[in-house]
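Structural features, examined
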Amino acid sequence: MLDGQRDPRHALPHGVHVDLQPDEPHHMHASRAHPHTVHLDHQPDEPHDMHPHASLAHVHGSSAPPSPGGLLVTVPGRRTAPGEADPWSGGDAYAAALRSGHGPLYLRQGDGRRHPLDVARWCAPPDADDRRVLSACRGAVLDVGCGPGRMVAALAAGGRPALGVDVSAEAVRRTVAAGGRALRRSVFEPLPGEGAWHTVLLLDGNIGIGGDPAALLARARRLVHPRGRLIAESVAPGLPDDLDERFEARFDDGSGPRGEPFPWARVGPGALLRHAAAGGWRFSTSWASGSRRFTVLRPLP
Ligand SMILES: C[S@@+](CC[C@H](N)C(=O)[O-])C[C@H]1O[C@@H](n2cnc3c(N)ncnc32)[C@H](O)[C@@H]1O
């Protein structure tokens with residue numbers, strides 16, 4: 001049995017805990033000598049603006065006090081971020097939709113096709129589909145692109161260890177306000193507990209993050225525990241199994257395209273499996289409801 005299942009007191013994998021410290025540049029790595037500990041070490045040769053969201057400082061064993069009301073990791077007076085041009089991170093359209101708790105909000109492709117973003121559902125408590133995902137989670141859960149944090153908050157409310165990671169300050173703020181823990185950072189930057197998360201989530205179209213599903217799945221493989229799992233959502237039933245689209249998207253709040261384009265992707269379950277196999281994953285199980293499809297992947301040895 002995995003640690004996170006055995007001992008619900010584990011706030012994060014293998015006793016990882018996160019403290020806030022002043023705005024110091026840090027670089028994070030998982031210690032090989034102390035596999036139950038994740039350290040943040042200063043790297044003097046690294047420019048200070050390499051990891052601008054890393055005001056999160058010490059990630060260590062269980063001695064740190066719990067953080068009531070969730071954990072918010074942001075950067076006071078933060079420097080220019082690599083993801084700052086990323087409209088998820090700095091754009092008005094997504095933040096405004098999260099603040100209002102609803103859309104309309106679309107991802108708009110260059111050819112004018114629009115894919116609705118279900119902001120109202122993301123801002124609501126978990127629905128039946130989400131609850132099934134929650135029941136498939138094991139141990140310590142990392143929700144990649146957690147948005148306003150309904151999954152992380154639900155796990156936390158059930159006393160289950162979970163951390164959300166998202167580039168959007170508004171998403172992190174809402175997750176924390178809902179009682180969850182969240183870290184404002186890109187999934188492609190160093191994260192606490194790499195290789196120790198029992199469950200990694202890629203829901204609500206998040207397989208599109210970065211516009212390269214193969215790269216994202218390979219990144220997720222490095223985050224998960226060797227006996228852990230990834231729960232990934234693909235496009236809705238009715239769309240082709242082998243749908244495999246990479247494109248530049250812009251936000252559209254119903255009144256036309258807004259902000260800078262950014263890379264995104266959409267995959268059907270068949271294409272997801274192809275990318276997964278190349279990224280070090282094997283199929284475990286899958287299910288579908290009327291409007292959503294989920295696949296559970298396990299790491300290949
Ligand atoms: C399609 S939305 C899904 C929201 C969501 N899962 C929820 O429950 O509300 C994509 C989310 O991923 C976040 N995101 C985009 N790029 C990211 C990155 N590189 N790393 C982490 N999160 C990212 C966005 O800010 C946004 O909250």
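Residues numbered from 1 in each chain as written. Predicted model: local features only at pLDDT ≥ 70, side-chain atom pairs only at ≥ 80, totals over all residues.

1. What to know about the overall build of the protein
Scanning the protein from N- to C-terminus turns up nine helices and 16 strands. Here the protein holds 301 residues, and the buried ones make up 48% of them. A separation threshold of at least 6 residues defines the contact pool for the protein, and within that pool the share at least 24 residues apart is 63%. (Helix = DSSP H or I, 4+ residues; strand = E, 2+ residues; numbered from the N terminus. Buried ≥ 20, exposed ≤ 12 C-beta atoms within 10 Å, placed from the backbone. Contact = placed C-beta atoms within 7 Å.)

2. Some points on the environment of Gly238
Locating Gly238 in the fold gives a position in the loop between strand 12 (224-234) and strand 13 (244-252). Judged by the 8 C-beta atoms lying within 10 Å of it, Gly238 is exposed.

3. Digging into the site of the ligand
For the ligand, the set of nearby residues contains 23 residues, the closest of which are Trp88, Trp122, Gly145, Gly147 and Ser168. The class makeup of the residues in the shell around the ligand is 13 nonpolar, seven polar and three charged. (Near = placed C-beta within 6 Å. Nonpolar A, V, L, I, M, F, W, Y, C, P; charged D, E, K, R; others polar.)

4. Side note on the sheet that holds strand 6 (residues 106-109)
As summarised here, the arrangement of the four strands in space is 7-6-13-14, forming an open sheet in which the pairing is antiparallel. Bordering the open sheet on either side are strand 7 (114-116) and strand 14 (257-267), each of which pairs with just one other strand. Strand-to-strand twist of the sheet, defined as the mean angle between neighbouring strand axes without regard to direction, takes the value 35 degrees. As paired strands, strand 6 and strand 13 are joined by four bridges and run antiparallel to one another. Looking at strand 13, one finds that Tyr106 is bridged to Asp252. (Pairing = 2+ DSSP bridges. Axes fitted to C-alpha atoms, helices over the stretch in contact; angles between N-to-C directions.)

5. Digging into the pairing of strand 15 (residues 281-288)
By the bridge criterion, seven bridges tie strand 15 to strand 16 (residues 293-299) in an arrangement that is antiparallel. Paired with Arg282 across the two strands is Arg298, which belongs to strand 16. Count of turn residues in the strand 15/strand 16 antiparallel hairpin: four residues.

6. Examining the confidence of the model for the protein
Mean pLDDT over the protein: 79, with 71% of residues reaching 70 or higher. Across residues 1-10, confidence stays below pLDDT 50; counting only partners more than four residues off in sequence or on other chains, it has 22 contacts. Between residues 18-84, whose pLDDT stays under 50, and residues either more than four places distant or in other chains, the model counts 120 contacts. (pLDDT = per-residue confidence, 0-100.)

7. Section: the nonpolar core
Core analysis: the biggest nonpolar cluster contains 66 residues, and Val152, Leu155, Val165, Val200, Leu202, Ala220 and Leu230 have the highest contact counts within it. It is helix 6 (residues 150-157) that contributes the most residues to this core, six residues altogether. Leave out the neighbours within four places in its chain, and Leu202 touches Val144, Ile207, Ala220, Leu230, Ala232 and Glu233. (Core = buried A, V, L, I, M, F, W, Y, C linked by C-beta atoms within 7 Å.)

8. Considering helix 3 (residues 92-100)
When helix 3 is considered as a whole, its buried residues turn out to be Ala93, Tyr94, Ala97 and Leu98. Projected down its long axis, helix 3 carries its buried residues within an arc of 130 degrees, all on one side. One or two steps after helix 3, the chain reaches Gly101, where phi turns positive at roughly 85 degrees. (Arc of directions from axis to C-beta.)

9. What about the environment of Gly205?
Within the element layout of this structure, Gly205 appears in the loop between strand 11 (197-202) and helix 8 (213-223). Overall, the presence of 20 C-beta atoms within 10 Å leaves Gly205 in the buried class. Taking C-alpha positions, Gly205 is 6.6 Å from Ser234, a pair spaced 29 residues apart along the chain.

10. Describing unusual backbone geometry
In this structure, the amide linkage connecting Gly103 to the following residue, Pro104, adopts the cis form with an omega of 5 degrees. Along the polypeptide, Pro104 turns up in the loop between helix 3 and strand 6.

11. Focus: the packing of helix 3 against helix 7 (residues 169-177)
Put simply, helix 3 and helix 7 touch, their axes get as near as 9 Å, and they point 25 degrees apart. When the axes of helix 3 and helix 7 are compared, the pair comes out roughly parallel. Residues Ala95, Leu98 and Arg99 of helix 3 form the contact with helix 7, whose own contacting residues are Glu170, Ala171 and Arg174. When its residues are assigned to classes, the contact of helix 3 with helix 7 shows three nonpolar, no polar and three charged. (Parallel < 35°, antiparallel > 145°, perpendicular 65-115°, else oblique.)

12. Quick notes on the environment of Asp241
With respect to the helices and strands, the residue Asp241 is situated in the loop between strand 12 and strand 13. Taking the number of C-beta atoms within 10 Å as the measure of exposure, Asp241 has 16 and is therefore partly exposed. As a C-alpha pair, Asp241 and Pro269 span 28 residues in sequence and 5.3 Å in three-dimensional space. Leave out the neighbours within four places in its chain, and Asp241 touches Gly268, Pro269 and Gly270.

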